[in-house]
Amino acid sequence: MMKTAWETLLSIGSEGGVLELKGRLTEDGWYFRRVVSDMEEGSRRFSAEGSDEDGLALLDDYAWLSLYPLYVDNKITTAVRKRVLFHRYRNESAFSAWIESTFPEDDWEAAKLVNWILTSGSTVVLTGAGMSTESSLPDFRSKEGWWKNIDPRTVASTEALSHHYDLFHSFYKARLDNLDQASPHNGHRALANWEKYGRIDAVATQNVDGLHQAAGSQTVYELHGSIRRFRCHQCGEELPRSTFIEKEACSCGGRIRPGVVLFGEMLPAEAWEPAMEKMERSDLSIVIGTSLEVYPANQLPAVTRGRTAYINKDIQTGAGDFDLVIRGNAGEVLTTMNTYMDEVLME
Ligand code: APR
């Protein structure tokens, strides 16, 4: 009968001593034994289908996740991660200790944010142009952004639409040409995935590129409208893209424009109102890829009643108001988070 020696898989420190989970591999699977300090407390035999979760269940008479990990063997890390990601931590230092004992250092903040999403009753995401740069669409205020060489008021305003239509038209035509080459990246798909799992309630976006919907997100509030829709500026009639591209005029004589919010225009109430209402009620808001320089979208994070997290390439001033800040590329951070989300949600 092949048997390995008992080995410590998990060791947890508390005031009263040490709580350990020991394991031994035999031909018909793992046996687990709970040991409190150095007193063996009896073990229950687990059959071959006995899993790491069964072993961890031996510890559940104790609030072990609120205590402090001393050692986590990599044979049981995946099962411990699942418990850590679903646990509602009240003690920040225990939370950090378990995250740091079970995840790679580069992923600590991403793993924390996965825990916050999994323990949140309602989560709303606010995205900006930084969400689309990994889909090869320039943002606005980075060094290679649109506004580095163009004053937005000369092309993205009602004044430009009325008095400099050629400039207005060539700016939006250039953006439409860019858009034809763009597709959602894994970060967009991660957000759509989490909505499918019921872990995200909505995405409020300042982007007009439609990439969240293209990735499968269902509840998307387009705060700044959409460059994929076109209408007459005069009579409001919806018109096909070709009429804008060909610089046609509306039958009423009005000029044709994309359905984006121009500087000086109001945000569409059908996007703004539900976004504000959901943000106010959310336990968690996650702000991704935006400089937060443009009013009123930049007011949304502040109305969240719960926790706030910020994922951005450059961390500007004002990021200090967030409960969790992750400096990085949206696509990469969300992909890392999605790996852990899938690990615990895929049955
Ligand atoms: N990952 C994360 N953050 C990124 C990435 C990326 N891959 N790429 C860029 N960023 C960050 C930049 O560092 C910057 O802080 O995203 C932010 C983009 O900020 P802006 O260019 O100002 O875009 P945004 O905040 O969406 O602008 C708001 O301004 O011009 C108007 O209507 C336009 O909707 C736009 C609004």
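Calculation notes
- Counting starts from 1 at the beginning of each chain's written sequence and moves along it residue by residue.
- With the structure being a predicted model, the display of local features is reserved for residues of pLDDT at least 70 and the display and counting of side-chain atom pairs for 80 or more, all residues being used for whole-chain, interface and lining totals.
- Excluding hydrogens and water, the side-chain values take into account all heavy atoms of the structure.
- In this analysis, rings of Phe, Tyr and Trp, with Trp reduced to its six-membered ring, are considered paired at centre separations within 6.5 Å, and the interplanar angle assigns stacked below 30 degrees, edge-to-face beyond 60, and tilted for intermediate values.
- Residue burial is assigned from relative accessible area. The probe radius is 1.4 Å, only protein chains are included, and a residue is buried under 20% of its type maximum, exposed over 50%, and partly exposed in between.
- Only heavy atoms are used to decide nearness, and a residue is near a molecule or strand if one of them lies within 4 Å of it.
- Under this definition, polar contacts are N or O atom pairs within 3.5 Å; protein pairs additionally need one hydrogen-donor-capable and one acceptor-capable atom, and for neighbouring residues in sequence, both atoms have to be side-chain atoms.
- To be clear on the numbers: accessible area is Shrake-Rupley with a 1.4 Å probe, and residue cover counts the displayed protein chains and nothing else.
- Any two strands between which DSSP finds at least two bridges are classified as paired.
- Numbering of helices and strands starts at the N terminus; helices are DSSP runs of H or I of at least 4 residues and strands are runs of E of at least 2.
- Note on geometry: axes are lines fitted to C-alpha atoms, helical ones only across the stretch in contact, with angles between N-to-C directions running from 0 to 180 degrees.
- For any helix crossing, the convention is left-handed if the near helix is rotated counterclockwise from the far helix by under a right angle, and right-handed if that rotation is clockwise.
- Note on definitions: a residue-residue contact is assigned when non-hydrogen atoms from the two residues lie within 4.5 Å.
- Gly is placed with the polar residues, together with every amino acid not listed as nonpolar (Ala, Val, Leu, Ile, Met, Phe, Trp, Tyr, Cys and Pro) or charged (Asp, Glu, Lys and Arg).
- Residues enter a nonpolar core if they are buried and are Ala, Val, Leu, Ile, Met, Phe, Trp, Tyr or Cys, with the set joined through side-chain atoms within 4.5 Å.

**Q** How would you summarise the packing of aromatic side chains if you had to cite specific residues and measurements?
**A** Taken as a whole and assessed by the stated rule, the structure comprises 13 aromatic pairs. Here Trp30 and Phe32 contribute two aromatic rings whose centre-to-centre distance is 6.1 Å and whose plane-to-plane angle is 15°, an arrangement assigned as stacked. Grouping residues by exposure puts Trp30 and Phe32 together as buried. Both rings, one in Tyr165 and one in Phe168, keep their centres 5.9 Å apart while their planes meet at 25°; by these two values the pair is stacked.

**Q** For the site of the ligand, give the residues involved together with the corresponding values.
**A** Near the ligand, the surroundings consist of 24 residues, among which Phe140, Arg141, Thr290, Ser291 and Asp314 are the closest. Between the ligand and Gln206 there is a distance of 3.1 Å, counted from an oxygen atom to a backbone nitrogen or oxygen. Here Gly289 contributes a backbone N or O atom positioned 3.4 Å from an oxygen atom of the ligand. When the free accessible area of the ligand is taken as 730 Å², the share hidden by the protein chains comes to 96%.

**Q** Explain the pairing of strand E2 (residues 17-26) residue by residue, including any values.
**A** Within a regular beta strand, the side chains point alternately toward one face of the sheet and then the other, so they alternate between its two faces. When strand E1 (residues 7-14) meets E2, the two strands line up antiparallel, connected through 7 bridges. Within the sheet, the bridge partner assigned to Ile12 lies in E2 and is Leu19. In this structure, the hairpin formed by E1 and E2 is closed by a connection of 2 residues. Pairing between E2 and strand E3 (residues 29-36): 8 bridges, direction antiparallel. Looking at E3, one finds that Lys22 is bridged to Arg33.

**Q** Please set out helix H8 (residues 186-196) residue by residue, giving values where relevant.
**A** Across the 11 residues of H8, 8 count as buried, placing the element largely inside the fold. If you check which residues of H8 are buried, you get Gly187, His188, Ala190, Leu191, Ala192, Asn193, Trp194 and Glu195. Directly beyond the C-terminal end of H8, a positive phi value near 80° is found at Gly198.

**Q** If you had to explain the packing of H8 against helix H13 (residues 330-345) to someone new, which residues and values would you point to?
**A** Two elements in contact, H8 and H13, have axes separated by 8 Å at closest approach and are oriented at 40°. In this structure, H8 crosses over H13, and the sense of that crossing is left-handed. Across the interface between the two elements, Asn186, Gly187, Ala190, Leu191, Asn193 and Trp194 from H8 touch Gly331, Leu334, Thr335, Met337, Asn338, Met341 and Asp342 from H13. Of the residues contributing to the contact of H8 with H13, the split by class is 6 nonpolar, 6 polar and 1 charged.

**Q** Give a detailed account of the nonpolar core, specifying residues and quantitative values.
**A** Ranked by internal contacts, the top residues of the largest apolar core, which has 54 residues, are Leu10, Trp98, Leu113 and Met337. The dominant element in this core, judged by the number of residues it contributes, is H13, at 8 residues. When near neighbours in sequence (up to four residues on either side) are disregarded, Leu113 contacts Leu284, Ile286, Ala309, Ile311, Leu324, Ile326 and Met337. In this structure, Leu137, Phe140, Phe244 and Leu262 belong to the second largest nonpolar core, which totals 27 residues.

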